[in-house]
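Fold and contact review
Here is how the chains run, residue by residue.
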Amino acid sequence: MRKLMAIIFAIAISAPAFADRPNPFFFGDTQNQMGVQLGQSAGPGAILTIIPGNGWDLEPFQVIALQYSQPTEFFRLPARLNLHAGFFVAWNNMADDYNDPFAGASLDVAFFQWDDFYLGAGLGGYIKPTYDGRMDSLLMFGTKIFLGYRFADLWSVEIYSQHMDNAGLMAVNGGYNFFGLQVLRNF
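Residues numbered from 1 in each chain as written. Predicted model: local features only at pLDDT ≥ 70, side-chain atom pairs only at ≥ 80, totals over all residues. Heavy atoms only, no water.

It is worth spelling out the pairing of strand 3 (residues 77-90) at this point. Across the 14 residues that make up strand 3, a large majority, 10, are buried. Taken together, the 14 bridges between strand 2 (residues 61-74) and strand 3 define a ladder with antiparallel strand orientation. Looking across to strand 3, one finds that Gln70 is bridged to Leu81. Counted between consecutive antiparallel strands, the loop separating strand 2 from strand 3 contains 2 residues, among which Phe75 sits at a positive phi close to 50 degrees. (Buried < 20%, exposed > 50% of the residue type's maximum accessible area, 1.4 Å probe, protein only. Helix = DSSP H or I, 4+ residues; strand = E, 2+ residues; numbered from the N terminus. Pairing = 2+ DSSP bridges.)

So, about the sheet that holds strand 5 (residues 117-127). Backbone hydrogen bonds hold the strands of a sheet together, and the pairing may be parallel or antiparallel. Ordered in space as 1-2-3-4-5-6-7-8, the 8 strands form a closed barrel in which the pairing is antiparallel. Within this sheet the neighbouring strands show an average axis-to-axis angle of 25 degrees, counted without direction. Where strand 7 (residues 155-165) and strand 8 (residues 176-186) come together, 10 bridges link them in antiparallel fashion. Residue pairing in the sheet places Ser161 in a bridge with Phe179 of strand 8. (Axes fitted to C-alpha atoms, helices over the stretch in contact; angles between N-to-C directions.)

Below, the discussion takes up the confidence of the model for the protein. Of all residues in the protein, 88% attain a pLDDT of 70 or more, and the chain-wide mean is 86. The element-level mean pLDDT for the protein is lowest in helix 1 (residues 2-14), coming to 60, with strand 1 (residues 33-41) highest at 97. (pLDDT = per-residue confidence, 0-100.)

Turning next to the environment of Gly45. Inspection of the secondary structure assignment puts Gly45 in the loop between strand 1 and strand 2. Sequence separation of Gly45 and Tyr176 is 131 residues, and the distance between their C-alpha atoms is 7.2 Å. When sequence neighbours within four positions are dropped, the list of residues in contact with Gly45 reads His163, Gly174, Gly175 and Asn177. (Contact = heavy atoms within 4.5 Å.)

A separate point is unusual backbone geometry. With a phi angle near 50 degrees, Phe75 is a residue other than glycine that sits in the positive phi range. The phi angle at Arg76 is positive, at roughly 70 degrees, despite the residue not being glycine. Mapped onto the secondary structure, Arg76 falls in the loop between strand 2 and strand 3.

This brings us to a nonpolar patch on the surface. A cluster of nonpolar side chains, Trp114, Phe117, Leu119, Leu147, Tyr149, Phe151, Trp155, Ile159, Leu181 and Val183, forms an exposed patch at the surface whose accessible area comes to about 850 Å². Breaking the nonpolar patch down by element, the ones donating at least two residues are strand 5, strand 6 (139-150), strand 7 and strand 8. Among the structural elements, Trp114 can be located in strand 4 (residues 100-114). (Patch = residues over 30% accessible without salt bridge, like charges linked within 9 Å, V, L, I, M, F, W, Y side chains within 5 Å. Areas by Shrake-Rupley, 256 points an atom, 1.4 Å probe, with all protein chains shown as cover. Salt bridge = Lys/Arg side-chain N within 4 Å of Asp/Glu carboxyl O.)

Looking at chain direction, strand 1 and strand 2 are connected through 8 bridges and run antiparallel. Bridging from a neighbouring strand, Met34 pairs with Tyr68 of strand 2.

Given below as structure tokens:
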């Protein structure tokens, strides 16, 4: 935990050096963004499972979501506000408990950017309609880390790792962990 706090502190101290750069999520005069997210389950586990390869256990469980975003700032850092609508899709022995729609909102912040690349993190809140699965709660919280690349005037792509759980609000809190790809278009 101390290492994680040291990393967050180092990012916070260095962040003002990057604050004067344009928002890497939105290019030119665009103020809207739509994205399609596809993710693969990396298994259950705590928040540190968000680190790629840290205890990942691939499962027949995916996430598909749409994201609508608008630009903003977070402590002078470029950011975006997001609305999400998606579906958890499970196969085989997980199908009965894990097929659920979800909706939510999140904030993504770009900490570093160079040329057409950017690195960031996000935090959000989500709801789902059932108590089935690994969480005994309708409310979920999510954290995400991502690396993005703008490959055309209005298009970008991001690879991400995401953790969702109920923050210990209920006794059952196995968590969802995903890694995946998101394609975004500005307009």
